[in-house]
Amino acid sequence: MVQRGQIIYLNGISSAGKSSIIKELHPRLTQPYFSIGIDLFIEMVQERYWNCEPAGFVVVRDEAGAHIVGGPVAHQIDQAMLHTVVALAASGNNVLVDDVILSSQTLENRVRMLADFEVWFIGVKCPLEVAEQRERERGDRTIGMAKAQFKRAHPLDIYDLEVDTSRSDPLECARQILSALKDQPHPHAFRQLLNYNW
């Protein structure tokens, strides 16, 4: 019987610092890990499905910021990422995931799909003003997305570990994650969420 792979799942708003943490964490993991995220899957389909065709991901702006509205192709992309995580882990591969979970319904979907696996759920956080500053400085981000996501990105706020990228640089955040994996070999957050009264 193939031993199931472990999943390290990072969740946080745009510009929270997930990608920077992964750049430090990935090479320091002693076992092989596939590193994937929703952005990678968006890039796999035609460019028109990002902020063009309503069937894909469309950015809608209002006073609360820049919201992403997803059509049927967006849902298909999202599910493709999750099924890929399941397939990799089920065949014995470890997976490092970069995601933005914006509703309890989305969180429940991920928890139920990954219920058979050992999942380390990591909350990547920072103050809104820090994320907004990064958004402006990086030049390749959609302005207003951090603001729109800030109050929605941690629906139940149940994690195995939280890191604050305004207090710790990406390397230190990566070290905190590595330390948690070593000191607490069995994650609890997804098991707790699986029993949550949705």
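Located above this text is the structure these notes cover.
On a predicted model such as this, the values are computed, not experimentally measured, just so you know.

1. Considering the packing of aromatic side chains
Piece 1. Applying the stated criterion to the full structure yields six aromatic pairs.
Piece 2. Note on Y9 and F121: the rings are 5.9 Å apart at their centroids and 75° apart in plane angle, and the pair reads as edge-to-face. Pair noted here: Y9 is in strand β1 (residues 6–11) and F121 is in strand β6 (residues 118–125), with a separation of 112 residues, a long-range link. The same class applies to Y9 and to F121, which are both buried.

2. Some details on the pattern of salt bridges
Piece 1. Going through the model one piece at a time under the given rule, you end up with 10 salt bridges.
Piece 2. Between E53 and R48 there is a salt bridge whose closest N-O contact spans 2.7 Å.
Piece 3. Look at E53 and you get partly exposed, because its relative accessible area is 26%.
Piece 4. Across the pair D157 and K125 runs a salt bridge, and its minimum N-O distance is 2.5 Å.

3. Details of the state of the cysteines
Piece 1. Applying the stated rule across the entire model yields zero disulfides.
Piece 2. A disulfide-free cysteine, C173 has its sulfur positioned 9.9 Å from the sulfur of C126, the nearest such atom.
Piece 3. On the accessibility criterion, C173 (0% relative accessible area) is buried.

4. Details of the nonpolar core
Piece 1. Counting 30 residues, the largest nonpolar core has I7, Y9, M81, V95, L114 and F121 as its most contacted members.
Piece 2. Elements supplying a minimum of two residues to this core: β1, α2 (38–44), α3 (72–90), β5 (94–99), α4 (104–113), β6 and α8 (189–194).
Piece 3. Considering each element in turn, this core owes the most residues, eight residues, to α3.
Piece 4. With residues near it in sequence (within four places) discarded, V95 still touches Q6, I7, I8, Y33, F34, I36, V85, L88 and A89.
Piece 5. Counting 24 residues, the second-largest nonpolar core is a separate cluster that includes L29, V124, A131 and V163.

5. Quick notes on the environment of A89
Piece 1. Of note, A89 is situated in helix α3.
Piece 2. Each C-alpha atom of the pair A89 and R4 lies 5.5 Å from the other, and the pair is 85 residues apart in sequence.
Piece 3. Leave out the neighbours within four places in its chain, and A89 touches R4, G5, I7, V95 and F117.

6. Section: the environment of R152
Piece 1. Within the fold, R152 resides in the loop between α6 (145–150) and β7 (161–164).
Piece 2. On the basis of relative accessibility, which here comes to 38%, the residue R152 falls in the partly exposed class.
Piece 3. Expressed as a C-alpha distance, the spacing of R152 and V73, which sit 79 residues apart in the sequence, is 22 Å.
Piece 4. Residues contacting R152, with those up to four places away along its chain left out, are H67, I101, L102 and S103.

So, how was this worked out
- Residues numbered from 1 in each chain as written.
- Predicted model: local features only at pLDDT ≥ 70, side-chain atom pairs only at ≥ 80, totals over all residues.
- Heavy atoms only, no water.
- Phe/Tyr/Trp six-rings, centres within 6.5 Å; stacked < 30°, edge-to-face > 60°.
- Helix = DSSP H or I, 4+ residues; strand = E, 2+ residues; numbered from the N terminus.
- Buried < 20%, exposed > 50% of the residue type's maximum accessible area, 1.4 Å probe, protein only.
- Salt bridge = Lys/Arg side-chain N within 4 Å of Asp/Glu carboxyl O.
- Disulfide = S-S within 2.5 Å.
- Core = buried A, V, L, I, M, F, W, Y, C linked by side-chain atoms within 4.5 Å.
- Contact = heavy atoms within 4.5 Å.

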